[in-house]
Amino acid sequence: MINLAIIGGGPAGLSAGLYATRGGIKDVVLFERGMPGGQITSSSEIENYPGVKEIMSGIDFMQPWQEQCFRFGLTHNMNEVQMVAKNGDHFDIHLSDGSKIESKAVILSTGGRPKKAHIKGEDEFWGRGVSTCATCDGFFYKNKEVAVLGGGDTALEEAIYLTRMCSKVYLIHRRDGFRAAPVTIEHVKNNPKIEILTPMVIEEVYGDNSGVSGIRLNNIETNEKRELNVPGVFIFVGYDVNTGILRQNDGSMLCKMNDMGQVMVNLNMKTSVEGLFAAGDIRESSQKQVVIAAGDGATAALSAIEYLQSMG
Ligand SMILES: Cc1cc2nc3c(=O)[nH]c(=O)nc-3n(C[C@H](O)[C@H](O)[C@H](O)COP(=O)(O)OP(=O)(O)OC[C@H]3O[C@@H](n4cnc5c(N)ncnc54)[C@H](O)[C@@H]3O)c2cc1C
């Protein structure tokens, strides 16, 4: 039986591992199906992590995290977790190789992934002009024109956010109506920097080695084509949270989830199940940023230490 299983080795899981092991907990295992680092390793640039002045790629940025986080005894089990189940006063961690590991406490930090729109050029320019995060990348387009794809609350709120630094924001949506809060729709319609383009789809994102130079649009009612010379395209068509491991054999979820399929936690990152904690993009109301995931991981680890001590 191990003391603590941390599932997912992104910023949340790695900082949880650092705080738990440095806090004196023995037998702490990080289950990460690939190399630790998380989603940020797919980004070509990060410049909003406090204390790190240089702009660097996500891979370079996460490299020292691994070194630091494994220094105090954290071990990496390179395996995919299939399911976590409560079994009396401990948890069973079922792994994809068919084995099972028992743990007294668990921190869930499996993160998530923004959904792709499956547009031509999206993969090629992912992280090089195609973005899914205005907070992360908006600043790179200061005083420039950008396009936003999507029609829900997130797309509209991010479009408004981008008007603070961009000279113009084209909001592209396949329907004439938006699925967002009426007040947000009003704010979008009244914002002089936003031009709404509906019912339109992006057919292609194009550019060259230096990044995106434009997008090709199609009006799905009239078939009229249009091109926009924008260096940045923000895609907000949904977000998948990696919570599959919480699904039990009877179809129920191990802990309480909100309507958006995110894990519900309190301010100490405690879930509705004793000994089960959640941190990072997987939890409700996360702002989905590296610094926030790291803070969550530290909080979850401190809560887990307290829980383990209370078990004796
Ligand atoms: C392209 C891009 C650019 C971004 N840019 C920025 C930025 O500039 N600034 C910023 O602050 N944030 C940025 N973000 C957001 C940031 O990456 C996330 O908020 C952060 O990584 C969340 O950390 P996490 O630890 O919660 O989850 P993740 O980073 O998603 O890590 C979860 C980990 O869990 C693993 N995992 C999942 N399921 C299992 C399983 N069943 N078994 C084992 N392992 C599993 C995954 O492999 C992954 O490594 C960006 C995101 C993307 C995609």
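The coordinates are above.
The model shown is predicted, which means the values in this text are computed figures rather than measured ones. (Residues numbered from 1 in each chain as written. Predicted model: local features only at pLDDT ≥ 70, side-chain atom pairs only at ≥ 80, totals over all residues. Heavy atoms only, no water.)

(A) Seen up close, the site of the ligand. Around the ligand sit 32 residues, and of these Glu32, Gln39, Asn48, Asp281 and Val290 come closest. Take Val81: an N or O atom from its main chain is 3.0 Å from a nitrogen atom of the ligand. Here an oxygen atom of the ligand and a backbone polar atom of Asp281 are 2.9 Å apart. Against a free-state accessible area of 1000 Å², the protein chains account for coverage of 94% of the ligand. Of all the secondary structure elements, the ones that give two or more residues to the shell around the ligand are α1 (11-22) and α6 (290-311). (Near = heavy atom within 4 Å. Polar contact = N/O pair within 3.5 Å; in protein donor to acceptor, adjacent residues only side chain to side chain. Areas by Shrake-Rupley, 256 points an atom, 1.4 Å probe, with all protein chains shown as cover. Helix = DSSP H or I, 4+ residues; strand = E, 2+ residues; numbered from the N terminus.)

(B) Representation of unusual backbone geometry in the model. Going from Thr198 to Pro199, the amide bond is cis rather than trans, its omega being -15°. With a phi close to 70°, Asn223 is a non-glycine residue in the positive phi region. Along the chain, Asn223 falls in the loop between β13 (211-219) and β14 (225-228). Phi is positive for Lys288, which is not a glycine, with a value near 50°. Along the chain, the position of Lys288 falls in the loop between β17 (276-278) and α6.

(C) Representation of the sheet that holds β13 in the model. In space, the three strands of this open sheet follow the order β12-β13-β14, with antiparallel pairing throughout. Looking at which strands have only one partner, the edges of the open sheet turn out to be β12 (200-208) and β14. Going across the sheet, the axis of each strand differs from the next one's by a mean of 25°, ignoring polarity. Here β12 pairs with β13 via eight bridges, running antiparallel. If you follow Glu204 over to β13, its bridge partner there is Arg216. (Pairing = 2+ DSSP bridges. Axes fitted to C-alpha atoms, helices over the stretch in contact; angles between N-to-C directions.)

(D) Structural view of the environment of Phe61. Mapped onto the elements, Phe61 comes out in helix α2 (residues 58-69). Look at Phe61 and you get buried, because its relative accessible area is 3%. Along the sequence, Phe61 and Ala16 sit 45 residues apart, while their C-alpha atoms lie 18 Å from each other. Excluding residues that lie within four positions of it along the chain, Phe61 makes contacts with Ile46, Tyr49, Val52, Met56 and Val290. (Buried < 20%, exposed > 50% of the residue type's maximum accessible area, 1.4 Å probe, protein only. Contact = heavy atoms within 4.5 Å.)

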